Amino acid sequence: MREIAALTFITLDGVMQAVRLPDEDHSGGFTSGGWASDYWDPVMDQVQKEAMAKPYDMLLGRKTYELFSSHQDSSMNDGHVYVASSGLTDPKWDNVTLLSGDLVSEVRKLKEQDGPLLQIHGSWQLIQTLLSTGLIDEFRLWTFPVIVGSGKRLFERDLGTEKHELIKTAPTGNGVVMSVYRKLV
């Protein structure tokens, strides 16, 4: 059985929208895009060592997949990429499977299979759907010393109580803190 880990960059006030690029996502009138760029290189070094060193498959929403595929090639991940989308028809990468039916059922089937960890990068809408169904097993959070006020938050709505255990934490040296939490069963 596979597990799902959400790898997410967030501000101190919990916003995960438009992390890297100023024009990445203006939805909802968001104007603070690119808030993580001043901290990027040390964070990505830590992400590579802590979250991407072991084999994994990626689980992405369509918007995140399109952003990744326009800026990087599929060599960023040797694993398979699953993209939640009912509109994407021609993925740019060869190692992509589109999930276009009942997303929750399709993700449950993926979790039941043998294979590496399923890692979500970004993909706010996908995370919101999987949070509401309890399918995320681990949160790999990088918290940046930035407050932006408004924007899409990791925990957008009340989901009730779900307890997690802190299994690892480390600073990057430039004020960003990595925290890895596992859901307690």
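Sequence order as written defines the numbering, with residues in each chain counted from 1. In view of the model being predicted, local features appear only for residues whose pLDDT reaches at least 70, and side-chain atom pairs are presented and counted only at 80 or more, with totals across whole chains, interfaces and linings using the full set of residues. Here the side-chain values reflect all heavy atoms present in the structure, with hydrogen atoms and water set aside.

Let us now look at helix α4 (residues 124-133). Residues that lie three or four places apart on an α-helix share one face, since the helix turns once every 3.6 residues. Buried residues are those whose accessible area, probed at 1.4 Å on protein chains only, stays under 20% of the maximum for their type, while exposed residues exceed 50% and partly exposed ones sit between those limits. Every helix listed is a DSSP run of H or I at least four residues long, and every strand listed is a run of E at least two residues long, numbered separately from the N terminus. Every buried residue belonging to α4 is among Leu126, Ile127, Gln128, Leu130 and Leu131, and all of these are buried. Buried residues along α4 sit in contact with β1 (4-11), β2 (56-61), β3 (81-84), α3 (103-112), β5 (117-121) and β6 (138-144). Positive backbone phi, at 70°, marks glycine 134, one or two positions downstream of α4. The contact rule is simple, with two residues in contact once any of their heavy atoms fall within 4.5 Å.

Before going further, it helps to examine the environment of serine 150. Residue placement: serine 150 occurs in the loop between β6 and β7 (164-171). Sequence separation of serine 150 and glutamine 17 is 133 residues, and the distance between their C-alpha atoms is 9.3 Å.

What follows deals with the packing of aromatic side chains. The geometry of an aromatic ring pair comes down to the distance between the two centres and the angle between the two planes. Centre distance within 6.5 Å is the pairing criterion for rings of Phe, Tyr and Trp, where only the six-membered ring of Trp is used; planes under 30 degrees apart are then read as stacked, over 60 as edge-to-face, and the remainder as tilted. What the rule picks out here adds up to 6 aromatic pairs. Taking the centre distance of 6.0 Å and the plane angle of 80° together, the rings of phenylalanine 9 and tryptophan 142 count as edge-to-face. Here tryptophan 142 lies in strand β6 and phenylalanine 9 lies in strand β1, a separation of 133 residues in the sequence. Across this residue pair, the class does not change: phenylalanine 9 and tryptophan 142 are buried. Here the aromatic residues Phe9, Trp35, Tyr39, Trp40, Trp142 and Phe144 are joined through ring pairs into a cluster of three or more.

Further remarks concern the sheet that holds strand β8 (residues 177-183). Pairing is mixed in the open sheet, where 8 strands are placed in the order β4-β3-β2-β5-β1-β6-β8-β7. Strand pairing shows two members of the sheet lacking a second neighbour, β4 (96-99) and β7, which therefore form its edges. Looking at each pair of strands side by side, their axes are set apart by 20° on average, direction ignored. DSSP-based pairing: two strands are paired if at least 2 bridges between them are found. Taken together, the 7 bridges between β7 and β8 define a ladder with antiparallel strand orientation. Only C-alpha atoms enter the line fits that serve as axes; for helices the fit covers just the stretch in contact. Angles between N-to-C directions range over 0 to 180 degrees.

Further remarks concern the side chain of lysine 152. Mapped onto the fold, lysine 152 is located in the loop between β6 and β7. A relative accessible area of 17% places lysine 152 in the buried class. N or O atoms closer than or at 3.5 Å make up a polar contact, with two conditions inside protein: a donor-capable atom paired with an acceptor-capable one, and, for residues adjacent in sequence, both atoms drawn from side chains. Of the polar contacts made by the side chain of lysine 152, one reaches the side chain of serine 27; its length is 3.1 Å. Leaving out residues up to four positions away in the same chain, lysine 152 has contacts with Gly14, Val15, Met16, Gln17, Asp25, Ser27 and Trp124.

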